[in-house]
Every structure is written in structure tokens, then in C-alpha cells.
Amino acid sequence: MTEITRIAIDTSKSVFTLHGTDADGRAVLRRNLRRQDMVPFFARRPPMEVVLEACGGSHHWGRVLAGLGHTVRLIPPQYVKPFVKRGKNDRNDAEAISEAAARPEMREVAVKSARQQANAMLLSVRELLVRQRTQLVNALRGHAAEFGHVARLGRQGVAKLLADVAEDAELPTPARDALALLGAEIGRLDARLAEVDARLVAQHKQTPTSKMLAEVPGIGPIGALSLVLRVDFSQFKSGRHFASWLGLTPREHSTGGKTRLGGISRAGDERLRQLLVLGATAVIRQAKPGKASAWLIALLARRPRKLAAVALANKMARIVWAMMTSGEAYRQPATA
């Protein structure tokens, strides 16, 4: 019987598609397994390489299969897609995962422990609550505008809008009730977000590396904690590699020896990139000669503020990588 050296798995909720290859890369196993049959199947197999896409549930299966003695590799989906053959189906997807894993320079995602995922889960819950609140505020503003009520942006604007709606005697009762319902839901989410923020700040204060990163201008408790809990800095060779992974480096389209750079690629973790750019924007808003770094003042003198914010976010990412890999504290640069 041919020995299987690698099994690639296309995961799903109920049915898992396996693609096994031998030492020469020939396909010797193609089959489907139901969820309940996964552990018994791999428990009977000798230790081998098992490859999955880094997607929902992959870290759980990575821990389970590693516990059975197998070597588990997680590959980002965007690196698997180029190997999918014509006609997408589960078998072709599993084969593409196997083909991607055979490449010697293929990048991987480290399998997270259950504790690592649990610690980062509250950050994901907060993002969901923020999105829901934004949706409710947009709906409130849109519906109120239909009756001539417009308020400025921000929390104070929402509060004033709700007060104006409540005092409008000419507003039809169904509209007033619907807007009041939206206001009540916004208030409920505000209370929930306050609770979540308090727990995250407490977690931040108990995490030395998070407190260290918060010393960087533009990085607050939420941003520092997100970087610590979501990023494995050991997988990046340099600060530029990390900034590129975040999508903060230019998209390149070069050919014939001519270098052509475009806008930022926007690859990687969207939330981390957003936190860094928002933090950089806040720093630029307060930037003045004598207080900001000479590099930033010179950049603002020759570039638009939004472009400078992305450049500063890139610099912040490199600083964060250097701090996390060396353990050094942040050093304030010379001011202009």
C-alpha cells in the first residue's frame, strides 16, 4: 500500500474533503469524511503532514489533529486560490490546498491555542457591536431626515436629534415611535460597549506588552491589545514585512524593469490597519512644530494629510514590530 505523506483537507460544517499524496506528490487518497468521523480516521493514521486553509474552525482542527501527533499547517486562503483548477468544487479545493502546501516558500499561519482565541474574542465582539451601532445611527439619521430633522455628527448630535424628534408635535406618531425605538437600541448598545471597553482596558493594564505598545503615539489601549492578541510577530522577517502584511505598503505592478507603485494594497487584517490609520490621523491632527517629530512635520509640508496618515501608520507598524521582536521600549524621536 502506498504511504500517504500529506493530507490536505477542505473543511466545512458537516462534510470534509480529503486529498492525500505520497512522497512523489501523486494523489493516492480522495474521499469525503463526515464531521464525526474525522477524529477516528486520523487517530488510526501514523503521524503525517495535514494541511488546511486558515479559515473558520481551522485553528480548532489544528489543535485536535496536532494532539493526535500530526504536523498541522494552515495556509492563508488567498495563497491557495491561484492553485484551484477550472471548475470549483470541494475536491478541486482540497487538491489546491495540497498543491499550495508543496511549494517550499509557502507562507503559513501559526495554529492558535484555545486561550489565544478566547482572549481575542472580546475584541471581535466589540467590533460587531460598533458595526451594529453605526447601522442604527445611520438608520436613525436617514429616517429623521425624511421629516426635516438633521443633526451634526457624533454622540451629541444623536442625542440632540432624538430630543428634537421627541419635541416635534407635528411628527406622526408611528414615525416618532419608530425613531424612539432606534434611539433605545442605540442606548442599549452604548451601555454594552461601555462594559466591553471597561473589560478590555482592564485586560490591557494586566498585559505588559500591551502597555508597552500604548506608549507609541497614536496607539491606544484597544489598538495595543489588538496587536498583542492578534499578531504573531515571529512570523515576520522585518518591519516592512509586517507593514506589507497589514496592507500599508504600495501595490506594485512592475514589468520590463520599470517599477510602478500604486495605492496601498489593503491586504491583511483590515481592523488592525484601520486602527493604525485612525491613530496616525489623530497624531497628525495635533502635529505642530516643537511637539511632533521632524520627519512628520517635513512630510506634512510636502504631502496631503490623508497620504501622510498612511505613511505614519506604516512607520508605526514598523516601530511596533521592532518593539515586539526586541523587547525595547518606545524612544521618542527628536522634535522639529
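Per an unreviewed UniProt entry, the protein goes by the name IS110 family transposase and belongs to Defluviicoccus vanus.

Our next topic: the sheet that holds strand S4 (residues 49-53). Taken in spatial order, the five strands make up an open sheet running S3-S2-S1-S4-S5, and their pairing is mixed. Strands with a single pairing partner mark the edges of an open sheet, and in this sheet they are strand S3 (27-34) and strand S5 (71-75). Taken pair by pair, the neighbouring strands of this sheet meet at an average axis angle of 20°, ignoring direction. As paired elements, S4 and S5 share five bridges and run parallel to each other. Bridging across to S5, Val51 finds its partner in Arg73. Against the sheet, helix H4 (residues 90-101) makes contact with strand S1 (6-10), strand S2 (15-21), S3, S4 and S5, and its axis sits at roughly 135° relative to S1, the strand it touches most.

In this section: helix H13 (residues 305-326). Along an α-helix, a turn takes 3.6 residues, which lines up residues three or four apart on a common side. Over its 22 residues, H13 runs 31 Å from end to end, which matches the ideal 32 Å to within 8%, given 1.5 Å per residue. Residues Ala308, Ala309, Leu312, Ala313, Asn314, Met316, Ala317, Val320, Trp321 and Met323 constitute the buried set of H13. Just past H13, the residue Gly327 takes up positive phi, approximately 80°.

Turning next to the UniProt feature "domain: Transposase IS116/IS110/IS902 C-terminal" (unreviewed entry) in the protein. The feature "domain: Transposase IS116/IS110/IS902 C-terminal" (unreviewed entry), as given by UniProt, occupies residues 211-288 in the numbering adopted here. Taken end to end, residues 211-288 is 46% helix and 9% strand, and its two terminal C-alpha atoms sit 26 Å from one another.

In this section: the pattern of salt bridges. Using the criterion set out here, one finds 18 salt bridges in the structure. We note a salt bridge from Asp197 to Arg126, for which the minimum N-O separation is 2.6 Å. Within this pair, whereas Asp197 is found in helix H7 (residues 173-205), its partner Arg126 is found in helix H5 (residues 114-145), the two being separated by 71 residues in sequence. A relative accessible area of 25% places Asp197 in the partly exposed class.

Our next topic: the UniProt feature "domain: Transposase IS110-like N-terminal" (unreviewed entry) in the protein. If you check UniProt for "domain: Transposase IS110-like N-terminal" (unreviewed entry), the listed places come out as residues 8-143 in our numbering. Across residues 8-143, the secondary structure splits into 46% helix and 21% strand, with the terminal C-alpha atoms separated by 51 Å.

Looking now at the domain arrangement of the protein. Once the domains are mapped, the protein shows domain 1 (6-102), domain 2 (114-206) and domain 3 (209-326). A straight line from the C-alpha centre of domain 2 to that of domain 3 covers 29 Å. With 11 residues of domain 2 at the interface, the matching set in domain 3 holds 11 residues. In total, about 1000 Å² of surface goes out of reach between domain 2 and domain 3, with carbon and sulfur atoms giving 65% of it.

Procedures and definitions
- Residues numbered from 1 in each chain as written.
- Predicted model: local features only at pLDDT ≥ 70, side-chain atom pairs only at ≥ 80, totals over all residues.
- Heavy atoms only, no water.
- Pairing = 2+ DSSP bridges.
- Helix = DSSP H or I, 4+ residues; strand = E, 2+ residues; numbered from the N terminus.
- Axes fitted to C-alpha atoms, helices over the stretch in contact; angles between N-to-C directions.
- Contact = heavy atoms within 4.5 Å.
- Expected span 1.5 Å × (residues − 1).
- Buried < 20%, exposed > 50% of the residue type's maximum accessible area, 1.4 Å probe, protein only.
- UniProt positions renumbered as here; feature names shortened; annotations may be inferred.
- Salt bridge = Lys/Arg side-chain N within 4 Å of Asp/Glu carboxyl O.
- Domains from an automatic or database assignment.
- Buried area = accessible area lost by both parts, 1.4 Å probe.

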